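Spelled out from the first residue to the last, the chains are:
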Amino acid sequence: MKAVEKRDFIHSHLHDADESVINEFYEILKKEEALREKLTKRAENSEKDILSGKVFTRSDIEQRTNNIGQ
């Protein structure tokens, strides 16, 4: 079943769903939205860091990781 068909099915049955199903669906969508916003913000901040030159070289990363666990 394609996504469009699934959306149509959900939409046509949504008014018959009980409150627990609605709550579960709501929580799933809210978590997905929050994750999307978090990842978008992280990507925007990374782009700003790159444009401003706030980056690590390979040798910087190697030096930082060589000391892990010692």
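Residues numbered from 1 in each chain as written. Predicted model: local features only at pLDDT ≥ 70, side-chain atom pairs only at ≥ 80, totals over all residues. Heavy atoms only, no water.

Chemist: Would you mind showing me how to read the overall build of the chain here?
Modeler: Of the regular secondary structure elements, the chain holds three helices and zero strands. In the chain, the order of α-helices and β-strands from amino to carboxyl end is α-α-α. The C-alpha radius of gyration of the chain comes to 22 Å, more than 25% above the 11 Å expected for a compact globule of 70 residues. With the C-alpha coordinates aligned to their principal axes, the bounding extent of the chain is approximately 60 × 30 × 25 Å. Expressed as a percentage of its 70 residues, the buried residues of the chain come to 0%. Side-chain charges in the chain split into 13 positive and 15 negative, and the spacing between the mean points of these groups amounts to 8 Å. (Helix = DSSP H or I, 4+ residues; strand = E, 2+ residues; numbered from the N terminus. Rg over C-alpha atoms; globule rule 2.2 N^0.38 Å. Buried < 20%, exposed > 50% of the residue type's maximum accessible area, 1.4 Å probe, protein only. Lys, Arg positive; Asp, Glu negative; His and termini not counted. Charge placed at Lys NZ, Arg CZ, Asp CG, Glu CD.)

Chemist: Would you take a moment to explain helix H2 (residues 19-52) for this structure?
Modeler: Residues spaced three or four apart along an α-helix face the same direction, because each turn holds 3.6 residues. Taking 1.5 Å per residue, 34 residues should reach 50 Å; H2 reaches 49 Å between its end C-alpha atoms and fits that length. Downstream of H2 by one or two residues, Gly-53 has phi in the positive range, about 85°. (Expected span 1.5 Å × (residues − 1).)

Chemist: Would you mind going over a nonpolar patch on the surface with me for this structure?
Modeler: A contiguous nonpolar patch, built from Phe-9, Ile-10, Leu-14, Ile-22, Phe-25 and Leu-29 and spanning about 480 Å² of accessible area, is present on the exposed surface. Listed by contribution, the elements that provide at least two residues to the nonpolar patch are helix H1 (3-14) and H2. When you line up the elements, Ile-22 lands in helix H2. (Patch = residues over 30% accessible without salt bridge, like charges linked within 9 Å, V, L, I, M, F, W, Y side chains within 5 Å. Areas by Shrake-Rupley, 256 points an atom, 1.4 Å probe, with all protein chains shown as cover. Salt bridge = Lys/Arg side-chain N within 4 Å of Asp/Glu carboxyl O.)

Chemist: Hey, could you run me through the pattern of salt bridges in this one?
Modeler: Think of it this way: side chains of opposite charge can pair up when their charged atoms draw near. Scanning the model with the defined rule gives two salt bridges in all. We note a salt bridge from Arg-36 to Glu-32, for which the minimum N-O separation is 2.9 Å. On the criterion of helical spacing, the pair formed by Arg-36 and Glu-32 is a turn pair, its members being four residues apart in helix H2.

Chemist: Honestly, the environment of Thr-57 in this entry has me stumped. Any pointers?
Modeler: Inspection of the secondary structure assignment puts Thr-57 in the loop between H2 and helix H3 (58-66). By relative accessible area, Thr-57 is classed as partly exposed at 42%. There is a polar contact of 3.1 Å between the side chain of Thr-57 and the side chain of Ser-59. (Polar contact = N/O pair within 3.5 Å; in protein donor to acceptor, adjacent residues only side chain to side chain.)

Chemist: Would you mind going over the confidence of the model for the chain with me for this structure?
Modeler: Of all residues in the chain, 99% attain a pLDDT of 70 or more, and the chain-wide mean is 93. When mean pLDDT is taken per element in the chain, H2 scores highest with 97 and H3 scores lowest with 89. (pLDDT = per-residue confidence, 0-100.)

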